Amino acid sequence: MAINLNKPKFVLRGRRELLKNGVTQLLSLHQLLHGKDVGEIYGIPTSDYQESVAFKPQIKLFFKQDEDAVPPGRRAVKAELTFRLHDKTSATITPGDAGALATAIKQEFVSGGSTGFAWGKGKNLTTYLDPEKGYILHLYALNKLEAEKVVKKILDIRQHPYDADKLTEHIPTKLSVNNPVGKKMVYGQMVDTIRYRPTAIVRFEWASLQIHGKLRDVFLVDLTGKHRDALLKAT
């Protein structure tokens, strides 16, 4: 078998016993991503972001469409919702606080020990604004009732009362486009027409805690098995 000496390589150096886990993880990642289009990733290094922006501790809730419900040739619809812990700082929040948040999130967003809470994502933007308590929520939901259901779940994590006056629905004139047809000209090339605020049922998958000064998120709850250090997992 011929060896291509011009093929890009990388070298791992270090003690054999320390490299074993790293090699295993790299091989697993290669098998997972080989031949798949993972798309473009936009962002800045965590350290750069934290050096330029100070913030209160933040909770992120991640939702995703079930894979068996994704139409052929499309990617799963996703949703991320975040809120701040208005009464905590990087200095005052503790591992005990994280554990309590993880328990509350699992209670609200996981049923039967392993099934994530699901809701209908759609074209209607619904906002719930209560910045004094850390909530600047923007949800693209099927309707106002669906958004209200999600907002109440989030508020229950911290046992905050729901205020209907803070919920507003913004209905666009354009309809959702789930399965666009045809192509359009972009930068001198014809490309497939993209979807517009597609509708789908998205399901809770994981939650994390971001703390200013801590470069890695604390994963609180994980139902996917991807975050091995999560405080609580599916049972």
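Conventions and cut-offs
- Residues numbered from 1 in each chain as written.
- Predicted model: local features only at pLDDT ≥ 70, side-chain atom pairs only at ≥ 80, totals over all residues.
- Heavy atoms only, no water.
- Helix = DSSP H or I, 4+ residues; strand = E, 2+ residues; numbered from the N terminus.
- Buried < 20%, exposed > 50% of the residue type's maximum accessible area, 1.4 Å probe, protein only.
- Lys, Arg positive; Asp, Glu negative; His and termini not counted.
- Salt bridge = Lys/Arg side-chain N within 4 Å of Asp/Glu carboxyl O.
- Contact = heavy atoms within 4.5 Å.
- Phe/Tyr/Trp six-rings, centres within 6.5 Å; stacked < 30°, edge-to-face > 60°.
- Pairing = 2+ DSSP bridges.
- 1 Å grid on protein atoms, 1.4 Å probe; cavity = no way out; pocket = protein on both sides within 12 Å on 5 of 7 lines; lining within 4 Å.
- Points joined across faces, edges and corners; volume = space filled by probe spheres on them.
- Nonpolar A, V, L, I, M, F, W, Y, C, P; charged D, E, K, R; others polar.
- Axes fitted to C-alpha atoms, helices over the stretch in contact; angles between N-to-C directions.
- Parallel < 35°, antiparallel > 145°, perpendicular 65-115°, else oblique.
- Left-handed = near helix turned anticlockwise from the far one by under 90°.

Chemist: Break down the side chain of D130 for me, with residues and values.
Modeler: In this fold, D130 is placed in strand β5 (residues 118-130). Here D130 is buried and forms no salt bridge, its nearest opposite-charge partner K133 lying at an N-O distance of 4.4 Å. Dropping the residues within four chain positions of it, D130 is found in contact with Y135 and K166.

Chemist: Explain the pattern of salt bridges to me, and be specific about the residues and the numbers.
Modeler: This structure, assessed with the given rule, holds 9 salt bridges. A salt bridge links E67 to K64, with the shortest nitrogen-to-oxygen separation between them at 3.1 Å. We classify E67 as exposed; its relative accessible area is 53%. Assessed through its relative accessible area of 16%, K64 is described here as buried.

Chemist: Kindly report on the packing of aromatic side chains, identifying the contributing residues and their values.
Modeler: Tallied over the entire structure, the rule returns 9 aromatic pairs. Here F63 and F109 contribute two aromatic rings whose centre-to-centre distance is 5.9 Å and whose plane-to-plane angle is 65 degrees, an arrangement assigned as edge-to-face. Here F109 lies in helix α3 (residues 95-109) and F63 lies in strand β1 (residues 58-65), a separation of 46 residues in the sequence. When its relative accessible area of 0% is taken as the criterion, F109 is described as buried. Relative to F117, the ring of F109 lies with its centre 5.6 Å away and its plane at 85 degrees, an arrangement referred to as edge-to-face. Across this residue pair, the class does not change: F109 and F117 are buried.

Chemist: So what about the pairing of strand β9 (residues 189-192)? Which residues, and what values?
Modeler: As judged from the 4 bridges shared by strand β8 (residues 183-186) and β9, these two strands associate in the antiparallel manner. Opposite V186, over in β9, you have Q189 as the bridge partner. Adjacent in sequence and paired antiparallel, β8 and β9 are bridged by 2 residues, among which Y187 carries a positive phi angle near 55 degrees.

Chemist: Describe the layout of surface pockets, naming the residues involved and giving the relevant values.
Modeler: In this structure, the second largest pocket spans a volume of roughly 310 Å³. Along its surface, the second largest pocket is lined by G73, R74, R75, P180, G182, D192, T193, I194, R195 and P198. Looking at the lining of the second largest pocket, its residues break down into 3 nonpolar, 3 polar and 4 charged.

Chemist: Mind laying out the packing of α3 against helix α4 (residues 144-157), listing which residues take part and the relevant values?
Modeler: α4 packs onto α3 with a crossing angle of 150 degrees between their chain directions and a minimal axis gap of 9 Å. Overall, the two elements α3 and α4 adopt an arrangement that is roughly antiparallel. In the packing of α3 onto α4, the handedness of the crossing is right-handed. Only K153, I154, D156 and I157 of α4 make contact with α3, whose side of the interface consists of L101, A104, I105, E108 and F109. Residue composition of the contact of α3 with α4, grouped by class: 6 nonpolar, no polar and 3 charged.

Chemist: Can you tell me about the environment of S208, naming the residues and giving the values?
Modeler: Position of S208 among the secondary structure elements: in strand β10 (residues 200-210). Expressed as a C-alpha distance, the spacing of S208 and L220, which sit 12 residues apart in the sequence, is 5.1 Å.

Chemist: Let's hear about unusual backbone geometry: which residues, and what values?
Modeler: Despite not being glycine, Q159 has its phi angle at roughly 60 degrees, a positive value. Among the structural elements, Q159 can be located in the loop between α4 and β7 (167-170). With relative accessibility at 72%, the residue Q159 sits in the exposed group. For Y187, which is not a glycine, the phi torsion comes out positive at approximately 55 degrees. Locating Y187 in the fold gives a position in the loop between β8 and β9. Judged by its relative accessible area of 85%, Y187 is exposed.

The values are spatial; any link to function lies outside them.
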